[in-house]
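Spelled out, the chains give:
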Amino acid sequence: MTADRPGLSPLPVPPKEPPAYRVFATAVACGLVYALGIYGWTRLNAPDSGMLLIGFLLGAPIAACILAVAVSDPNGIKGSGSHASISALTVTVMLVCAGVVLREGSVCLVMAAPIFYGSGILGGVIAGGVMKSRPGRVACLALLAVPLIGVPVEADRPPQAQTREVVSRIHIDAAPQVVWNNLTDIRAIKDREHRWNFSHDLVGIPRPQDARMAGVGVGAVRHLQWARGVRFEEHITEWTPERALAWTFHVGPDASRLILDEHLTVDSDYLRLEEGRYRIEATAGGGSDLILTTRYWIRTPMNDYAAWWGGVFLGDFHRNVLGVIKNRAEAVA
C-alpha cells in the first residue's frame, strides 16, 4: 500500500471517539447537576414560594435537557430521535433523584412528570435542531440563564389565587333517611369496602378508615382517621337531616403533610381545603342521589393544571367514600 512505501509519511489516524454510553452518562450528569443547582437556587431565593413556572417547573427540565443535548451532540449532527432519547433519560434521572435525594413524594413526582417530560423533550429536540449553526449554539447556551433569572423575579410576583370545587354524584337504592344514617358516621371501613383507583392504589394517597361524629347539629365535630396515621377534624356548619351536611376542614400540621406529600401540604400558601358538603336528593321509586362536593383554594402558576389533578385525586376519594356509603345503605335497605 502507498502508506507503507519508503519515504512517505503515515496517514493520520482519526481520534477515537468515546463510547456512546460514556457520552450519554456525561451528558445526563451535566444536566442533572445543573437541575440540582436550579433547585438549590430556588430554595435559597424562594423557600416558601411553592411552585415557580419559569424558575423551576419549566425552566429546570428545559435547561437540563438543552445542556445534556449540547454535551452529547455539540454540533447538532445527530437526529431528533437521539436528542429526544437523551432528554427523556435526563428527565427520568431528575425525577428519580428528586424522589431519592430530595425526598419528594409520589404526588409531587406524578404531577411534575408530564410537565418535565413534555417541556424537557421538546426543549432538547429543538435545541438539537438549532445547534447546527454557531448562533443557534450560542442562543441555546444563553437559555441556561433563564431559570436563574426567573427565580427571583417570580418569587416577588405571587400567582393569582382561585377557588375550585370537585362534585361527584352517585345513585343509591335506599331512602334519604337510610342514606343520612350512613353518612354522618362512617365507622371502621374495611379494606374490602374500598374501590381500586389511581390515587390510592398507585400514587399512595392514604385511604379513609374511620369517621365518627361527636355531637349533633351545627357545631358538632367529626373525627377522621385515614391510613398512615392521618387524623384531622371536620367542624359541622350545616345540619339538615335527610337533606344536607356541610363542614369546614381543620387539618393539623402533621396531617397536612401526610395527606398528600411532605412538600405539597393541604394547608399552605398554595393549597387549602375550604369546605365539604353532602346533599341528598330523593328520586322516584324511593331511592336517593347523594352528591359530595369539596371546595378548595389554590394559588399556583398553573391553576388549570393543578385543578385537573385536584379533580383526579378528589374524584377518586369521592368515588371511594360514596361507594362505601352506597353499599352500606343498600345493605340496610
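Cut-offs and rules
Residues numbered from 1 in each chain as written. Predicted model: local features only at pLDDT ≥ 70, side-chain atom pairs only at ≥ 80, totals over all residues. Heavy atoms only, no water. Core = buried A, V, L, I, M, F, W, Y, C linked by side-chain atoms within 4.5 Å. Buried < 20%, exposed > 50% of the residue type's maximum accessible area, 1.4 Å probe, protein only. Helix = DSSP H or I, 4+ residues; strand = E, 2+ residues; numbered from the N terminus. Contact = heavy atoms within 4.5 Å. Pairing = 2+ DSSP bridges. Axes fitted to C-alpha atoms, helices over the stretch in contact; angles between N-to-C directions. Phe/Tyr/Trp six-rings, centres within 6.5 Å; stacked < 30°, edge-to-face > 60°. Lys NZ or Arg CZ within 6 Å of the ring centre and 35° of its normal. Salt bridge = Lys/Arg side-chain N within 4 Å of Asp/Glu carboxyl O.

Okay, the nonpolar core next. The nonpolar side chains of soluble globular proteins are, as a tendency, buried together. Of all hydrophobic cores here, the largest spans 52 residues; its most connected members are Val179, Leu183, Phe232, Leu245, Tyr278, Leu290 and Ile325. If one sorts the elements of this core by residue count, helix H11 (residues 303–332) sits on top with 12 residues. In contact with Leu245, other than residues within four places in its own chain, are Trp180, Leu183, Thr184, Met213, Arg222, Ile236, Glu238, Trp239, Gly276, Arg277 and Tyr278. If you look at the next biggest cluster of nonpolar residues, it comprises 29 residues, including Ile38, Ala60, Ala68 and Met94.

Bringing the side chain of Asn197 into the picture now. Tracing the sequence through the fold places Asn197 in the loop between helix H8 (176–181) and helix H9 (198–203). With relative accessibility at 7%, the residue Asn197 sits in the buried group. What Asn197 contacts, discounting residues up to four positions off in sequence, is Leu202, Arg207, Asp316 and Asn320.

Hydrogen bonds along the backbone pair up the strands of a sheet, which may run parallel or antiparallel. Taken together, the 7 strands give an open sheet; going across it, the order is S1-S7-S6-S5-S4-S3-S2, and neighbouring strands pair in antiparallel fashion. Bordering the open sheet on either side are strand S1 (162–172) and strand S2 (208–214), each of which pairs with just one other strand. Strand-to-strand twist of the sheet, defined as the mean angle between neighbouring strand axes without regard to direction, takes the value 20°. Note: strand S3 (residues 221–226) against strand S4 (residues 230–240), 6 bridges, orientation antiparallel. Within S4, the residue paired with Arg222 across the bridge is Glu234. Here H11 sits on the sheet in contact with S1, S2, S3, strand S6 (271–282) and strand S7 (288–298), set at roughly 25° to S1.

Moving on, we get to unusual backbone geometry. Look at Ala188: it is not a glycine, yet its phi comes out positive at around 45°. By the element assignment, Ala188 lies in the loop between H8 and H9. Among the residues examined, Ala188 registers a relative accessible area of 35% and is labelled partly exposed. Of note, the phi angle at Arg228 is positive, near 65°, even though the residue is not glycine. Note on placement: Arg228 falls in the loop between S3 and S4.

Turning to the packing of aromatic side chains, a few remarks are in order. Enumeration according to the criterion identifies 11 aromatic pairs in this entry. Aromatic ring contacts, followed pair by pair, group Phe198, Tyr305, Trp308, Trp309 and Phe313 into a single cluster. The ring centre of Trp247 lies 5.0 Å from the NZ or CZ of Arg222, which sits over that ring. Geometry around Trp297 places Arg272 over its ring, the cationic atom sitting 3.9 Å from the centre.

Position of Gly105 relative to the elements: it lies in the loop between helix H4 (80–100) and helix H5 (106–130). Note: C-alpha distance between Gly105 and Met131 (26 residues apart in sequence) is 36 Å.

So, about the pattern of salt bridges. When their charged atoms lie close together, side chains carrying opposite charge are able to pair. Counting across every chain of the model gives 16 salt bridges. Arg328 is paired through a salt bridge with Glu193; the nearest N and O atoms lie 2.8 Å apart. You can see Arg328 sitting in helix H11 and its partner Glu193 sitting in the loop between H8 and H9, a full 135 residues away along the chain. Two residues, Glu274 and Arg295, come together in a salt bridge whose shortest N-O distance is 3.1 Å. Remark: Arg295 occurs in strand S7 and Glu274 occurs in strand S6; sequence separation between them is 21 residues. Judged by relative accessible area, which is 25%, Glu274 ranks as partly exposed.

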